[in-house]
Structure formats: structure tokens, C-alpha cells
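Geometric and topological summary
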Amino acid sequence: GESVGLHLPTLSVQEGDNSIINCAYSNSASDYFIWYKQESGKGPQFIIDIRSNMDKRQGQRVTVLLNKTVKHLSLQIAATQPGDSAVYFCAEENDYKLSFGAGTTVTVRA
Amino acid sequence: DGGITQSPKYLFRKEGQNVTLSCEQNLNHDAMYWYRQDPGQGLRLIYYSQIVNDFQKGDIAEGYSVSREKKESFPLTVTSAQKNPTAFYLCASSIQADSPLHFGNGTRLTVT
């Protein structure tokens, strides 16, 4: 099954399910987007990035989708594991600077 | 191991005192950044530097100052003019402007 958070600050997902974390970005001129994972008390860790000339990019267990028409970005995590519990941030690049969203807290239920 | 080192991890200061947060990287990255994170919020850009001896204000630069005298070092000073300095401060670097940022593990500053 899937758990989908539509721009929600929190997402609770059953271990083994797929997760989808959504993000709306603000600037239609942005051409580079990144997803970060932040565990408690640590700095954000790079997960995956995508440029505006792509719609989809896959990594290990993660997929990022970009919909430029509606300025929407999503991160899909396959077979969510307890170690995936963290805060996930999307970021867009404007004028050589990254701007971050407020983040989605993902909690994985055993 | 290459990475970004922020020190100290926790810092306590009295109101009215300036305090300097350290950030060192051995990744040979040109660009360095300082972000502030408040509870339950995203990261906000304080200052950034794309090259040695040059830096620019970010979105919330008031009450902060930086220097970039060496490629590997980008210290941040939180001055007494910063109205609400208690926060989690994150330093980052990137090889160039449109590439992923690598973050340190942050300094949690508490001002009382």
C-alpha cells in the first residue's frame, strides 16, 4: 500500500509500505531541486536531486517526480524502513541559493 | 575523511555577548553557506560565500556577520544586535552553485 502526504507536515507510514512526500515550490524559474533527509540533532543529508529538464529520477529505493506545470515535487520511498524516520525537506535553487520548504516529518510504524 | 566540521555542538551565551560559530571544510569546495533552523521550521539562509574574500547576505543577515579569509573556513558571528539568536545553526558547502549542499552537524546556540 501507499501512504500519501499532500503538503502535510507529518506522515505516518507502516513499515514495508511505500511513502510519498509532496512539496510545492514557489518560483517557476527554478531549475534545480533537491530532497534532503534530516535526523534529530544532525545536519540534512542529500537524498536525490533533479533538474528542470527531467520529470523523473530514480535512486536506490527513492524516486523524485517533478511537475513543472503545477510547480510540484514529490519524493517516493519504496518499502519504507524504520531508518527512514526523519524530517524530509525539498529545496529549490534560485539565483545560486537554495530555499527550503518547512519539511515533512515521517514516522515509520512497526 | 572529507567533510564539514562545526564546533562546538552546543553553545551557551548570555544576552548582549557576541559569539562566533566555527565551520571548517576539507572538501575543497568553493561555496559555503550558513543557515538557521528554528523548531519545526525549514532552513533560512543567513550568509553565503561563493569564493574566498567574497560573501553575500542571505534572507536573514541582520545581526550576523561572516568572514571568508580562507577557502576551508567560514566563521559566523552572532552579534548582540540579533534579536532572537537562540537557534540551530547549520553550515554547508558545495563544489559550485548549482550542486548539492553538504551540511555539517550543526551548532545549537542558546542565549539567555
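In short, a report on the structure.

Thresholds, definitions, all that
- Residues numbered from 1 in each chain as written.
- Chains lettered and ligands numbered in written order.
- Predicted model: local features only at pLDDT ≥ 70, side-chain atom pairs only at ≥ 80, totals over all residues.
- Heavy atoms only, no water.
- Contact = heavy atoms within 4.5 Å.
- Buried area = accessible area lost by both parts, 1.4 Å probe.
- Salt bridge = Lys/Arg side-chain N within 4 Å of Asp/Glu carboxyl O.
- Polar contact = N/O pair within 3.5 Å; in protein donor to acceptor, adjacent residues only side chain to side chain.
- Nonpolar A, V, L, I, M, F, W, Y, C, P; charged D, E, K, R; others polar.
- Helix = DSSP H or I, 4+ residues; strand = E, 2+ residues; numbered from the N terminus.
- Buried < 20%, exposed > 50% of the residue type's maximum accessible area, 1.4 Å probe, protein only.
- Disulfide = S-S within 2.5 Å.
- Core = buried A, V, L, I, M, F, W, Y, C linked by side-chain atoms within 4.5 Å.

In this section: the interface of chain A and chain B. Interface extent is often summarised as the accessible area lost during association of the parts. Counting residues at the interface gives 19 residues for chain A and 21 residues for chain B. Summed over the three residues of chain A that lose the most area to chain B, namely Y96, K97 and F100 of chain A, the buried surface amounts to 30% of that side. Connecting chain A to chain B are zero salt bridges. There are five residue pairs in polar contact (both at pLDDT 80 or more) connecting chain A and chain B. Here the side of chain A that touches chain B is built from residues that sort into 10 nonpolar, four polar and five charged.

Our next topic: unusual backbone geometry. Between S7 of chain B and P8 of chain B the backbone carries a cis peptide bond, its omega angle lying at -10°. Relative to the assigned elements, P8 of chain B resides in the loop between β1 (4-7) and β2 (10-13). Phi at R61 of chain A takes a positive value of approximately 65°, unusual for a residue other than glycine. With phi around 60°, N28 of chain B is a residue other than glycine that occupies positive phi space. For N28 of chain B, a relative accessible area of 56% corresponds to the exposed category.

Quick look at the environment of Y32 of chain A now. Inspection of the secondary structure puts Y32 of chain A in strand β4 (residues 32-38). Through-space distance from the C-alpha of Y32 of chain A to that of S99 of chain A is 11 Å; in sequence the pair is 67 residues apart. Contacts of Y32 of chain A, omitting those with residues within four sequence positions, involve D49, I50, R51, A91, E92 and E93 of chain A together with D98, S99 and P100 of chain B. Here the side chain of Y32 of chain A touches D49 of chain A through a polar contact of 2.6 Å, side chain to side chain.

All names here are of chain A. The final tally for this structure, using the stated rule, is eight salt bridges over all chains. Notably, a salt bridge pairs E39 with K37, separated by 3.6 Å at the nearest N-O pair. When its relative accessible area of 26% is taken as the criterion, E39 is described as partly exposed. Given a relative accessible area of 13%, K37 falls into the buried group. One network of salt bridges, in which partners are shared, links K37, E39 and K42.

Before going further, it helps to examine the state of the cysteines. Under the counting rule described, the total for this entry stands at two disulfides over all chains. Each sulfur of the disulfide joining C23 of chain A and C90 of chain A lies 1.6 Å from the other. In this structure the cystine formed by C23 of chain A and C90 of chain A twists about its S-S bond by roughly 40°; its chirality is therefore right-handed. Of the two residues, C23 of chain A is situated in strand β3 (residues 18-24) and C90 of chain A in strand β9 (residues 86-94); the sequence distance between them amounts to 67 residues. For the pair formed by C23 of chain A and C90 of chain A, the shared burial category is buried. Bridging C23 of chain B to C91 of chain B, the disulfide has an S-S length of 1.9 Å. For the disulfide bridge between C23 of chain B and C91 of chain B, the dihedral angle about the S-S bond is near -75°, and by the sign convention the bridge is left-handed. A residue pair is termed long-range when its members are at least 10 positions apart, and C23 of chain B in strand β3 (residues 19-25) and C91 of chain B in strand β9 (residues 87-94) qualify at 68 residues. Note on C23 of chain B: relative accessible area 1%, which makes it buried. Given a relative accessible area of 0%, C91 of chain B falls into the buried group.

One recurring pattern in soluble globular proteins is that nonpolar side chains are buried together. Residues and elements named next belong to chain A. Counting 20 residues, the largest nonpolar core has I21, W35, L73, L75, Y88 and V106 as the members making the most contacts within it. Secondary-structure elements contributing two or more residues to this core are β2 (10-14), β3, β4, β5 (45-51), β7 (62-67), β8 (72-77), β9 and β11 (104-109). Those residues in contact with L73 that lie beyond four places of it in its chain are I21, N22, C23, F33, W35, I50, V64, L65, L66 and C90.

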